[in-house]
Amino acid sequence: VADIAQSLEFYQGVLGLSENIQRPDLGYPGAWLDVGQQQIHLLELPNPDPVSGRPAHGGRDRHIALATCDIQALQTRLQQHQIPFTVSRSGRAALFLRDPDGNALEFIEAKP
């Protein structure tokens with residue numbers, strides 16, 4: 001990511017993820033975010049991937065897919081924060097969005 005503070009505002013403030021404070025000092029800014037039994041590692045380093053030329057619909061780009069129990073609540077939250085997203089073209093209860101650095105995320109509704 002280009003700016004860890006901006007990324008944390010998105011991942012924590014918008015998506016509601018919790019930061020795992022066990023991340024050691026790795027010599028560069030970053031954060032570990034808990035996602036169920038998994039983690040997302042944010043690294044504030046130069047991006048080795050191009051950020052331009054990516055498709056608007058994140059489903060046509062490499063992405064991570066995460067489960068949510070309420071896709072409608074997520075849509076409402078994204079709209080409140082003016083975060084653009086597209087719904088899945090497959091007909092599933094799913095949506096795609098990009099974080100502030102253009103990384104694609106998919107959210108799939110999975111009832112508990």
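Structural data are supplied above this passage.
Note that the structure is predicted; figures quoted are calculated from it, not measured.

Visitor: Which residues make up the overall build of the protein chain, and what are the values?
Guide: Along the backbone of the protein chain there are two helices and seven strands. Reading the protein chain from its N terminus to its C terminus gives the helix and strand order α-β-β-β-β-α-β-β-β. The globule rule puts the C-alpha radius of gyration for 112 residues at 13 Å, and the 14 Å found for the protein chain is close to it. If you line up the protein chain on its principal axes, its C-alpha atoms span 45 × 35 × 25 Å. Put simply, the protein chain has 112 residues, and 37% of those count as buried. Sequence-distant contacts, at least 24 apart, represent 50% of the contacts inside the protein chain between residues at least 6 apart. Per element, the accessible surface of the protein chain, about 6,900 Å² overall, is 52% carbon and sulfur. In the protein chain, 9 positive and 13 negative side-chain charges are present, and the distance between their average locations comes to 10 Å.

Visitor: Go over the pattern of salt bridges with me, naming the residues and quoting the values.
Guide: In the structure shown here, the tally under the stated rule is five salt bridges. Between R54 and D61 there is a salt bridge whose closest N-O contact spans 3.8 Å. Assigned by exposure class, R54 and D61 land together as buried. We note a salt bridge from R92 to E106, for which the minimum N-O separation is 2.7 Å. Residue R92 is found in the loop between β5 (85-87) and β6 (94-98), and its partner E106 is found in strand β7 (residues 104-109); the two are separated by 14 residues along the sequence.

Visitor: Break down the pairing of β7 for me, with residues and values.
Guide: Strand residues, when the strand is regular, have side chains that alternate between the two faces of the sheet. Pairing geometry for strand β4 (residues 63-68) and β7, over six bridges, is parallel. Paired with A67 across the two strands is I108, which belongs to β7. Examined bridge by bridge, β6 and β7 share five bridges and lie antiparallel to one another. For F96, the partnering residue across the bridge sits in β7 and is E106. As consecutive antiparallel partners, β6 and β7 are separated by five residues, and within that stretch G102 has a phi angle of approximately 90 degrees, a positive value.

Rules and cut-offs
Residues numbered from 1 in each chain as written. Predicted model: local features only at pLDDT ≥ 70, side-chain atom pairs only at ≥ 80, totals over all residues. Heavy atoms only, no water. Helix = DSSP H or I, 4+ residues; strand = E, 2+ residues; numbered from the N terminus. Rg over C-alpha atoms; globule rule 2.2 N^0.38 Å. Buried < 20%, exposed > 50% of the residue type's maximum accessible area, 1.4 Å probe, protein only. Contact = heavy atoms within 4.5 Å. Areas by Shrake-Rupley, 256 points an atom, 1.4 Å probe, with all protein chains shown as cover. Lys, Arg positive; Asp, Glu negative; His and termini not counted. Charge placed at Lys NZ, Arg CZ, Asp CG, Glu CD. Salt bridge = Lys/Arg side-chain N within 4 Å of Asp/Glu carboxyl O. Pairing = 2+ DSSP bridges.

Everything listed is a geometric property; what it means functionally is a separate question.
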